[in-house]
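Coordinate inspection notes
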Amino acid sequence: MDAEQLKSSSHRWMNAALAAFVEGPESHDFAVHHAGVATEHLFKAYLAGLHPALIVEGRHFDSLLHATGLGSHAGPLSKVKTIGLVDAYGRVAKLLPGKIPISKEDLEPLTDARNGVAHSAIHDSAQSVAVFTTCLRLVDPVLEELKVDPNGYWGPYLVLHDKLVDEQVRQERIAAEALLVKARSLFEQRFGHMSSKERVVVLAAITSKPMITMGREAPVECPACGSQGWMAGEVEPIHHYRDGQFTVDPDEVFLDPHGFHCAACDLEVDIKLLLHVGDLPRGIFLDADPHDYNNDEPRVDEDIRRGR
């Protein structure tokens, strides 16, 4: 549960993953597996740096005892149960809202590939490059948070890393631009024949209410047609830490967006492409409602994330 040990382990596993990747497709199963382990260990290094309890299974009391410095009351340290890649991703993404460029949906091929190799010696070779690159993109923002020199972490494979990441981002940007072109064309077909006054009235009627039902919604200008669209997502109450105490912000919550929809041009953007579509925000501060504090976990503020 030591953050530095986990960080060092991540580096070793990623170095082995990159070495396997350059050997060619016949070694891509090792590359995917090792990169998945490296990613998990780096997530845990970040979490453990905040507090060791953040990487243990919450229902395993002996593990919590070790994580909170009460290991003398627990079984052996070798029996500690820690969270897996998916849970580690979820915790890091919540603590670093808007900074992790991979959605939970995009994480699934990685977990399937890593588990397939580890347990069944099976993986989808057609997806290996995409899955491997997903690991690289997950690691980058965590390295930045941990203030790890990327030159030291990637070593002689830095150029390869840059090319793989740039290519995947380029493909996502192409997909995002295609969505915008299609939406603009549809908007013109629907409303191009109307006068300005008619268009204003019609658009006000069809865009006044959100069409996505997911937690909360916030109005956002559509990057394709300029109409009012809706960003939907889950809200997280904002907790501040000052003078040794947590306090809840009674006035604001943070909307973690999961999707965008515009009724005027049918532009629909999932979490994977939000980053690449126009000026859509990665998060929005909203006025708090009472129900916001009932079911959601708190969003930890910047001081906590940085260990102050």
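Note that the coordinates shown come from a computational prediction; the quantities given were computed from them, not determined experimentally.

**Some points on the overall build of the chain**
Within the chain one finds 10 helices and 6 strands. The 308 residues of the chain split such that 44% are buried. In the chain, once contacts between residues fewer than 6 apart in sequence are set aside, the share between residues at least 24 apart is 68%. As displayed, the chain has an accessible area near 16,100 Å², and 53% of this comes from carbon and sulfur atoms.

**Here's the deal with helix α8 (residues 158-191)**
Over its 34 residues, α8 runs 49 Å from end to end, which matches the ideal 50 Å to within 8%, given 1.5 Å per residue. All of the buried residues in α8 are His161, Leu164, Val165, Gln168, Val169, Glu172, Ala176, Leu180, Ala183, Phe187 and Phe191.

**Here's the deal with the pattern of salt bridges**
The tally for this structure, following the rule as stated, stands at 7 salt bridges. When the shortest N-O distance is used, the salt bridge between Glu172 and Arg137 registers 2.7 Å. Of this pair, Glu172 sits in helix α8 while Arg137 is found in helix α6 (residues 128-145), placing the two residues 35 residues apart along the sequence. Take Glu172: its relative accessible area is 8%, and that puts it in the buried class. For Arg137, a relative accessible area of 4% puts it in the buried group. In this structure, Arg170 and Glu167 form a salt bridge, with 2.8 Å as the shortest nitrogen-oxygen distance. Highlighted residues: Arg170 and Glu167, both in helix α8, separated by 3 residues, approximately one helical turn. Arg170 sits in the partly exposed class, given a relative accessible area of 42%.

**Observations concerning helix α1 (residues 3-21)**
Across its 19 residues, α1 extends 27 Å between first and last C-alpha, which sits within 8% of the 27 Å expected from 1.5 Å per residue. Those residues of α1 that sit buried are Ala3, Leu6, Lys7, Ser9, Ser10, Met14, Ala17, Leu18, Ala20 and Phe21. The buried residues of α1 occupy an angular sector of 170° when the element is viewed end-on, so they sit on one face. For α1, exposure combined with an orientation more than 90 degrees from the buried face picks out Glu4, Gln5 and Arg12. In the core, the buried residues of α1 are packed alongside α2 (28-50), α6, α7 (150-154) and α8. The residue sitting at the N-terminus of α1 and contributing the capping side-chain oxygen is Asp2; that oxygen lies 3.1 Å from the backbone nitrogen of Glu4.

**Here's the deal with the confidence of the model for the chain**
Here the chain averages 84 in pLDDT, while 85% of its residues score no lower than 70. Confidence drops under pLDDT 50 across residues 294-308; counting only partners more than four residues distant or on other chains, this segment forms 41 contacts.

**Here we look at unusual backbone geometry**
Residues other than glycine seldom take positive phi values, yet Lys147 does so here, at roughly 60°. Here Lys147 lies in the loop between α6 and α7. Residues other than glycine seldom take positive phi values, yet Asp266 does so here, at roughly 65°. Its location among the elements puts Asp266 in the loop between β3 (245-261) and β4 (268-270).

**Focus on a negative patch on the surface**
On the surface, Glu105, Glu108, Asp112, Glu268 and Asp270 cluster together into a negatively charged patch. For the negative patch, the elements supplying multiple residues, two or more each, are α5 (104-120) and β4. At 3 residues, α5 tops the list of elements feeding residues into the negative patch. Counting through the fold element by element, Glu268 comes out in strand β4. Take Glu268: its relative accessible area is 52%, and that puts it in the exposed class.

Conventions adopted
Residues numbered from 1 in each chain as written. Predicted model: local features only at pLDDT ≥ 70, side-chain atom pairs only at ≥ 80, totals over all residues. Heavy atoms only, no water. Helix = DSSP H or I, 4+ residues; strand = E, 2+ residues; numbered from the N terminus. Buried < 20%, exposed > 50% of the residue type's maximum accessible area, 1.4 Å probe, protein only. Contact = heavy atoms within 4.5 Å. Areas by Shrake-Rupley, 256 points an atom, 1.4 Å probe, with all protein chains shown as cover. Expected span 1.5 Å × (residues − 1). Salt bridge = Lys/Arg side-chain N within 4 Å of Asp/Glu carboxyl O. Arc of directions from axis to C-beta. Polar contact = N/O pair within 3.5 Å; in protein donor to acceptor, adjacent residues only side chain to side chain. pLDDT = per-residue confidence, 0-100. Patch = residues over 30% accessible without salt bridge, like charges linked within 9 Å, V, L, I, M, F, W, Y side chains within 5 Å. Lys, Arg positive; Asp, Glu negative; His and termini not counted. Charge placed at Lys NZ, Arg CZ, Asp CG, Glu CD.

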